[in-house]
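The chain contents come next:
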Amino acid sequence: MYTTMDLSEILLYLDLIKRKGEVPTIDELNMMVYHMDNYDQVKAFYNKIKEHEFQPPFGFYIKTLIHFIEDYEGCISLKNKILRTQTNRRRPFNNLFTHQILLCKSEEEALSILQEARDYGIHLDDKLWVAKFDSLEEIKKKQKEWKGEMEKSEAYYNFSSIYEKFGTMKSNYFKSLPQEHLKKMIVEPQSQERGIVTRQTNTFTRNIYIKEYAKKIAQGICQLCDKKAPFLDKQGNPFLEVHHINYLSKGGKDEIDNVVALCPNCHRRIHMLEDEEDLKKISKNFSYLS
Ligand SMILES: [Zn+2]
Ligand SMILES: [Zn+2]
């Protein structure tokens, strides 16, 4: 079974683990990072880890983070951050120096990075920088290699069990959350929910709450055909899909007024036909419900 998690799900998962008083395992963290697409997402991920004071091994941070850095300045700022916070135990950052060399623009820069590495007792291949042709391409290649390695790991094979665990936690969480409370969490930029501070300052975290809100107000009924959801999911919730009335791709907003819960059939129908009567119905339905 193919399963995947988007960033908003991953951030919620970390919230829920914290809420249970547990700590994510390294395998879980690894799989979460595996699902990231870019540096901004990884940063949001690390901020959440910091917020909850989870303490994965230091090496894990460097190893995972550098795969997503695609610019020279990013390398330097990460390095400075590490130096600031890890003054007592300057772990070797072979990977980071290598990464930085791949991204630098001149031989002169490369040589000074090599020297800096030597000062830390790290001896890298002097010809490293000469081997690069298009650094960004090289980085992308390394990213791919890394993801390939991850796909061979045990954690990758166990991912569906991680996903299932999250499914259960998520389901219980949203079941226990009253509709009004959920709405408040979306509308208010910051809200406190039983000890969890959910910072909604970026769009990453909003998505999942908006989806769940749309499902909650639908109460298991498709908002186009008015029929019950065709089946229940593994957690026993009616299966409905969330649709954006004005497509996000066409500038529609990820807001509660722009989403409806539909049965899979009607969801297909809306996209295939874009029928005016249908659109009127889901829009009207929505303003009536909210
Ligand atoms: Zn329907
Ligand atoms: Zn849709």
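The text that follows walks through the structure, step by step, so that each part is easy to find. Everything numeric here is computed off the predicted structure, so don't read it as measured data.

## Digging into the overall build of the protein
Across its full length, the protein holds 14 helices and 4 strands. Taking the contacts inside the protein whose residues are at least 6 apart along the sequence as the reference set, 66% of them involve residues at least 24 apart. Carbon and sulfur atoms provide 50% of the accessible area of the protein, an area that totals close to 16,500 Å².

## Here's the deal with the packing of aromatic side chains
Under the definition given, this model contains 10 aromatic pairs. With a centroid separation of 5.9 Å and 35° between ring planes, the pair formed by F97 and Y120 is classed as tilted. Placement of the pair is F97 in helix α6 (residues 94–103) and Y120 in the loop between α7 (107–119) and α8 (135–151), with a sequence separation of 23 residues. Ring plane angle 75° and centroid distance 5.8 Å describe the contact between F174 and Y209, whose orientation is recorded as edge-to-face. With F174 in helix α10 (residues 159–176) and Y209 in helix α12 (residues 203–218), the pair connects residues that are 35 residues apart, well separated along the chain. Like Y209, F174 is buried. Grouped by ring-pair contacts, the aromatic residues Y34, Y156 and Y157 constitute a single cluster. Here K147 stacks its cationic end above the ring of Y34, 5.2 Å away from the centre of that ring.

## Section: the coordination of the zinc ion (ligand 2)
Those donors, H243 (ND1), H267 (NE2) and H271 (NE2), are the protein atoms that reach the zinc ion (ligand 2), and they lie 2.1 Å from it. Look at where the donors of the zinc ion (ligand 2) fall in the sequence and you get H-x23-H-x3-H. On the criterion of sequence distance, the pair formed by H243 in strand β3 (residues 241–244) and H267 in helix α13 (residues 264–273) is long-range, its members being 24 residues apart. The burial state of H243 is the same as that of H267; both residues are buried.

About the cut-offs
Residues numbered from 1 in each chain as written. Chains lettered and ligands numbered in written order. Predicted model: local features only at pLDDT ≥ 70, side-chain atom pairs only at ≥ 80, totals over all residues. Heavy atoms only, no water. Helix = DSSP H or I, 4+ residues; strand = E, 2+ residues; numbered from the N terminus. Contact = heavy atoms within 4.5 Å. Areas by Shrake-Rupley, 256 points an atom, 1.4 Å probe, with all protein chains shown as cover. Phe/Tyr/Trp six-rings, centres within 6.5 Å; stacked < 30°, edge-to-face > 60°. Buried < 20%, exposed > 50% of the residue type's maximum accessible area, 1.4 Å probe, protein only. Lys NZ or Arg CZ within 6 Å of the ring centre and 35° of its normal. Donors = N, O, S within 2.8 Å, 3.2 Å for Na, K, Ca; no water.

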